[in-house]
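# Architecture at a glance
Read off the chains here:
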Amino acid sequence: MTRPIAILGGTFDPIHNAHLRVAWEAAEHLDAEVRLLPASVPPHRDQPVASAEQRAALVRVALAGQERLTLDTRELRREGPSYTIDTLIELRTEIGEARPLVLLIGADAFAGLPGWHRWRELFDFAHIGVLTRPGHGAALPTELRTKIASRRCPGAAALRESAAGRVLPIPVTPLEISASQVRELLAAGREPRYLMPDAAFAEPNLLAPYRS
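Residues numbered from 1 in each chain as written. Predicted model: local features only at pLDDT ≥ 70, side-chain atom pairs only at ≥ 80, totals over all residues. Heavy atoms only, no water.

## Examining the sheet that holds strand β5 (residues 127-132)
For clarity, the threshold we go by: Pairs of strands are assigned from DSSP output, requiring at least two bridges between the strands. Secondary structure elements are defined from DSSP: runs of H or I of at least 4 residues count as helices, runs of E of at least 2 residues count as strands, and each element is numbered from the N terminus. Axis geometry follows a simple rule: fit a line to the C-alpha atoms, using only the stretch in contact for helices, then measure angles between N-to-C directions, giving values from 0 to 180 degrees. A contact between two residues is defined here by any heavy atoms of the two lying within 4.5 Å.
Here we have 6 strands laid out as an open sheet, ordered β3-β2-β1-β4-β5-β6, and parallel in their pairing. Only two strands of the sheet have a single partner each, and these edge strands are β3 (69-71) and β6 (167-171). Here the average twist between neighbouring strands, direction ignored, is 30°. Sheet topology places strand β1 (residues 5-10) next to strand β2 (residues 33-38); 6 bridges connect them, and they run parallel. The residue of β2 that forms the bridge with Ala-6 is Val-34. Along the sheet face, helix α1 (residues 17-30) touches β1, β2, β3, β4 (101-106), β5 and β6 and points at about 120° away from the line of β6.

In structure tokens:
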């Protein structure tokens, strides 16, 4: 069976250890290559503080020294809103029709999926891995429950049997770290050590956009 590709999107403004940990655990759980895709123009949230180039540089530094997680900058190179459906269509064209592709999203974001651009089409191009923290859950709207009723997957191995269309919960460690928390610490002149990868502090200019 072909090894899946999984993608984790976000603004990564800035990237922090919770991003890295859930990506790593998903890679292990799925035995997949996981690509982190910083969004250029996120359609569902405020625009990033740092530029596309600055955020990509931070992610690149954070991923140094390992091979399981990689940086994918395609959304930063694309003009207009960073719609996930456009990314999945592009990736599917690149990797072919047979290789499993997994969209990784948090449980709260998954509950809001019906608000996404062309959300019903996402299942045509990828599986969805729902990053689930113990004790955290979100009620799903009726239209989403109906859409996924026949798509629930019994385990990671079953995702390899098809290229797209299934839904799998992926248990992850509940690290309570947020990018806004990190930005506030940096703006106050403090160092968010152990909330961010150590490599971020080795190149102070990377954090300059967040300091007052």
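## Observations concerning the pattern of salt bridges
As a reminder of what qualifies: By definition here, a salt bridge exists when the distance from a side-chain nitrogen of Lys or Arg to a carboxyl oxygen of Asp or Glu is within 4 Å. When accessible area is computed with a 1.4 Å probe and restricted to protein chains, residues below 20% of their type maximum are described as buried, those above 50% as exposed, and intermediate ones as partly exposed.
Across all of its chains, the model carries 14 salt bridges by this definition. Across the salt bridge formed by Glu-121 and Arg-118, the nearest N and O atoms sit 2.9 Å from each other. In this structure Arg-118 comes out as partly exposed when scored by relative accessible area, which is 36%. Of the charged contacts in the structure, one is a salt bridge between Glu-191 and Arg-193, with a shortest N-O distance of 2.8 Å. The class of Arg-193 is partly exposed, set by a relative accessible area of 39%.

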